[in-house]
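Okay, here's what each chain looks like letter by letter:
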Amino acid sequence: MNESGKKLYEEVKNKIKDSQKEGTLEKQFGDFWKFACVIKTRQHDLRYLYDDTSREFVDKNRENLIEMREEFVNNMDLYVEKCINIMRKKNFTVHYAKTNKEAQKIFMEELGDAKIIYKSKSNEAKDIGIIDVLKKNGIIIKETDLGDVLVQLFDYKLPSFQIGPGVHFTEEEIVKKMKEVYGVELEPKAQAIVNYFRNTYRNELLNNVKISLTSANAISAEEGTIVLGENEGNISLITRATDKHIVVCGITKIVPNILDAVLVTQLQSRINNVSFNYISLISGPSNTSDIQGTSVQGMYGAKEVVVILVDDWRTKAVNENLIYADFLKCIGCKSCIYSCTASRAFGNIYASKYGLGVTAIIRDYIHNGIEAAVNDGLFLCTGCENCYHWCPVSINCGEILKFIKKEATEKGLAPPHLEQYKEKIYKDKNPFL
Amino acid sequence: MTKLIYLGCLSNARYQETCKNAIKIIKFLDQKYTVLEDVPCCGALSYHIGNDKELNNHVEFVNNWFELNNISEIVTTCAGCYNYLTKYYTQFLGQDFKVKVKHFLQFLAEPDNLSKLDLKHSGKKLKVSYHDACHLRNAVVPIIEEPRRILNSIENIELKEMENIKTNSICCGAGGGVYSIFKENSDYNSKLIFDQLNRGKILLTACPFCFTALTRIREENQLKKPVKKIEDFIVNIIEGVDPLSE
């Protein structure tokens, strides 16, 4: 083990220690997350909304989903081409970016001289580095999902629960912070806080948005339709009441057809036990042909819908059969996070800037290398493979992490005790003597 | 040809009493099984960290040892050994790995063995819970129903399932060497397993790693309900000792 291995181990240890200090926001998040994981996994077997449980729903569709995702991954270039062709015919502005860097450049060009962007929750935008580049260029990022608004309000730097990014802040804390920042005095009740944003922010979203950014839950290659699920209505507003709607996502968001896209979206809703009150199917910019049959773009909705499809690591993973190639099947449902032993115990210590849990660590490994993954708590994974058992498309993330751990060991980055065990196994043939 | 009782390095080093109990049961069921000295570790822990070349060397070393000692069959009491011997040894050695590997629970659950044991709990009816270890439920041939078949066969013993069982069980947080580097993982997860012991009066496990983590959590949190390795529990039943006693 080398010095950086030792340093990384100490860093993770310290992060854990800090997260256990009473009264800190880190501890507050950790406690919330432990509770959330138990609830989320328990809900998986409840029959409170539908006739079937979420587990039954997943099991019923698993075979179909695996087949669909494998079909896509095996013919990725064909599906991408098909998708781009149909989207261009439907008046989308489509860009295909080979790398994240290229995507960032295209994005900034599309942004023009706009200085403000309204965005929905988007892991893909983080993955592609759009958020970083926006910050670097001094663009004002206006979050629209209430959870993200709260996170921004608190200037909370650590990754939090993607589904409810600000859900660990208490009502009292929120109104106190709002008084500090906005100078308003509110009753510490969820309804009052929501009312405040409805009465103020909603108007802004309806009238001021020039450019908006979203990702996609799925994109259908056959119809060229973007599927976006949400409950708040923020996505509906910022994708309609805007001049330009920019969609940024990896090419792996593509699925063969619209039924598959809806199935993926429904699965995301079932796994997370959230009801998508709104599901948008966007097949092009707003248009009308009501005057003499002349097609004019930009009636009431977005005048332009720009889609930036990003390859970056994806095609390379297939072609070079990289250890994370299986991860291309991922549909972003988050079941691996809820069922994860390490995530449950360590919350946002076992995480990266891309979010919580194993998938975020794999993304960090892909973009920022092995040291980043070790720092994210790679060695907190017990290899229990709960992620694999829960995954609706049977990705064995535990196995992927095992490969990443091996690489870390070869580079001298494994924690000290593990190295000792290994040596004892090979030399003494018993690590415990 | 030798039939070997493969105790596993952790049990061998730390849980001698449990080893004795396992040997007692296995030998009672099949006299031909034997224990050998200086049995090498299967190398399970190093699969998370070793490179393929190192692993290959170790696997070959162990396999040579098996061949040298003429081992044809193995019953192992360690969940980790079972998982790795059945998965990685075949993966690395292919046809060269000729040893037939069984886990203790598989061996016990064979109908002939169960009827030969004819287990009866002499005390009043006892409710027990079983923790599914990752190593067993994730194996190439998963061991999930066997422990249930065994426990359900014992007169006066009632298996009370916890909320998270089978492939959905909670990992104790000790696997993959995490126990030695980040104990905080089992601090939380092992406690969670105990929290699910609603009606079960005793927690049973077949994995020495889970047992180690669960025992520590039980002591640190001064929990009342005992945790026991399944072989110790079965010997208690055979000998008419109260399984709830320490």
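This one's a predicted model, so the numbers in the text were calculated from it and none came from an experiment. (Residues numbered from 1 in each chain as written. Chains lettered and ligands numbered in written order. Predicted model: local features only at pLDDT ≥ 70, side-chain atom pairs only at ≥ 80, totals over all residues.)

Peer 1: Provide a residue-level description of the overall build of chain B, including the pertinent values.
Peer 2: Across its full length, chain B holds 12 helices and eight strands. In terms of overall size, chain B behaves like a compact globule, its C-alpha atoms giving a radius of gyration of 18 Å where 246 residues would be expected to give roughly 18 Å. For chain B, the C-alpha atoms occupy an extent of roughly 50 × 40 × 30 Å along the three principal directions. For chain B, the residues scored as buried account for 48% of the 246 residues in total. (Helix = DSSP H or I, 4+ residues; strand = E, 2+ residues; numbered from the N terminus. Rg over C-alpha atoms; globule rule 2.2 N^0.38 Å. Buried ≥ 20, exposed ≤ 12 C-beta atoms within 10 Å, placed from the backbone.)

Peer 1: Give me the overall build of chain A: which residues, what numbers.
Peer 2: A count of helices and strands for chain A gives 20 helices and 14 strands. Computed over C-alpha atoms, the radius of gyration of chain A comes to 22 Å, within 12% of the 22 Å expected from 2.2 N^0.38 for 433 residues, which places it in the range of a compact globule. C-alpha atoms of chain A, sized along the principal axes, occupy 85 × 55 × 50 Å. The buried share of chain A, taken over its 433 residues, is 47%. Considering only contacts in chain A between residues 6 or more positions apart, those separated by 24 or more positions represent 71%. (Contact = placed C-beta atoms within 7 Å.)

Peer 1: Which residues make up the domain arrangement of chain A, and what are the values?
Peer 2: When cut into domains, chain A gives domain 1 (3-43 + 316-428) and domain 2 (77-144 + 210-312). A per-class count over the side of domain 1 of chain A that touches domain 2 of chain A returns six nonpolar, four polar and four charged. (Domains from an automatic or database assignment. Nonpolar A, V, L, I, M, F, W, Y, C, P; charged D, E, K, R; others polar.)

Peer 1: Could you give an account of helix H10 (residues 184-195) of chain B, naming the residues involved and the relevant values?
Peer 2: Look at H10 of chain B: 17 Å from first C-alpha to last across 12 residues, which is about the 16 Å you get at 1.5 Å a residue. Within H10 of chain B, burial applies to Asn185, Ser186, Asn189, Ser190, Leu192 and Ile193 of chain B. The arc enclosing the buried residues of H10 of chain B, seen along the axis, measures out at 150 degrees, which places them on a common side. The elements touched by buried residues of H10 of chain B are helix H15 (341-346) of chain A together with strand E5 (126-131), helix H9 (178-181) and helix H11 (208-220) of chain B. (Expected span 1.5 Å × (residues − 1). Arc of directions from axis to C-beta.)

Peer 1: Summarise the nonpolar core; cite the residues concerned and give the values.
Peer 2: Ranked by internal contacts, the top residues of the largest apolar core, which has 186 residues, are Val247, Val248 and Ile308 of chain A. Excluding anything up to four places from it in sequence, valine 247 of chain A contacts Thr214, Ser215, Ala216, Ile226, Val305, Val306, Val307 and Ile308 of chain A. (Core = buried A, V, L, I, M, F, W, Y, C linked by C-beta atoms within 7 Å.)

Peer 1: Quick one: what's the story with the interface of chain B and chain A, residue by residue and with numbers?
Peer 2: Between chain B and chain A, the residue contacts involve 33 residues of the former and 33 residues of the latter. Every element with two or more residues in the side of chain B that touches chain A is listed here: helix H1 (9-14), helix H3 (52-68), H9 and H10 of chain B. Of the residues belonging to the side of chain B that touches chain A, the class tally is 14 nonpolar, 16 polar and three charged.

Peer 1: Run through the sheet that holds strand E3 (residues 140-143) of chain A, naming residues and quoting values.
Peer 2: Residues and elements named next belong to chain A. Read from one edge to the other, the open sheet built from six strands follows the order E1-E12-E7-E4-E2-E3, with strand pairing classed as parallel. Bordering the open sheet on either side are strand E1 (93-97) and E3, each of which pairs with just one other strand. The sheet shows a mean angle of 25 degrees between the axes of neighbouring strands, taken without regard to direction. Here five bridges tie E1 to strand E12 (residues 304-310), and the two strands are oriented parallel to one another. Bridge assignment links histidine 95 to a residue of E12, and that residue is isoleucine 308. Against the sheet, helix H4 (residues 76-89) makes contact with E1 and E12, and its axis sits at roughly 155 degrees relative to E1, the strand it touches most. (Pairing = 2+ DSSP bridges. Axes fitted to C-alpha atoms, helices over the stretch in contact; angles between N-to-C directions.)

Peer 1: An account of the environment of leucine 25 of chain A is needed here, citing residue identities and associated values.
Peer 2: Locating leucine 25 of chain A in the fold gives a position in helix H2 (residues 25-43). Between the C-alpha atom of leucine 25 of chain A and that of histidine 168 of chain A, which follows or precedes it by 143 residues, the distance is 8.4 Å.

Peer 1: Account for the sheet that holds strand E8 (residues 254-255) of chain A, with residues named and values stated.
Peer 2: Residue and element names in this part refer to chain A. A sheet is described by the order of its strands in space; here four strands give the open sequence E8-E5-E6-E9, paired in mixed fashion. Both outer strands of the open sheet, E8 and strand E9 (278-282), are each paired with one neighbouring strand and no more. Where strand E6 (residues 225-230) meets E9, five bridges bridge the pair, whose relative direction is antiparallel. The partner of glycine 229 across the bridge, within E9, is isoleucine 279. Running at roughly 15 degrees to E6, helix H12 (residues 258-272) makes contact with strand E5 (218-220), E6, E8 and E9 of the sheet.

Peer 1: Tell me about the packing of helix H16 (residues 357-368) of chain A against helix H19 (residues 397-410) of chain A, and name the residues and values.
Peer 2: All names here are of chain A. Axis separation between H16 and H19 bottoms out at 11 Å; the angle between their running directions is 35 degrees. The way H16 lies across H19 gives a crossing that is left-handed. Together, Val358, Thr359, Ile362 and Tyr365 of H16 and Cys397, Ile400, Leu401 and Ile404 of H19 make up the contact between the two elements. (Left-handed = near helix turned anticlockwise from the far one by under 90°.)

Peer 1: Quick one: what's the story with the packing of H3 of chain B against helix H4 (residues 79-93) of chain B, residue by residue and with numbers?
Peer 2: All names here are of chain B. Interaxial distance between H3 and H4 falls to 10 Å at its minimum, and their mutual angle equals 100 degrees. With respect to H4, the element H3 is oriented roughly perpendicular. Residue-level contacts link Leu55, Asn56, Val59 and Asn63 of H3 to Tyr88, Tyr89, Phe92 and Leu93 of H4. Its residues assigned to classes, the contact of H3 with H4 comprises six nonpolar, two polar and no charged. (Parallel < 35°, antiparallel > 145°, perpendicular 65-115°, else oblique.)

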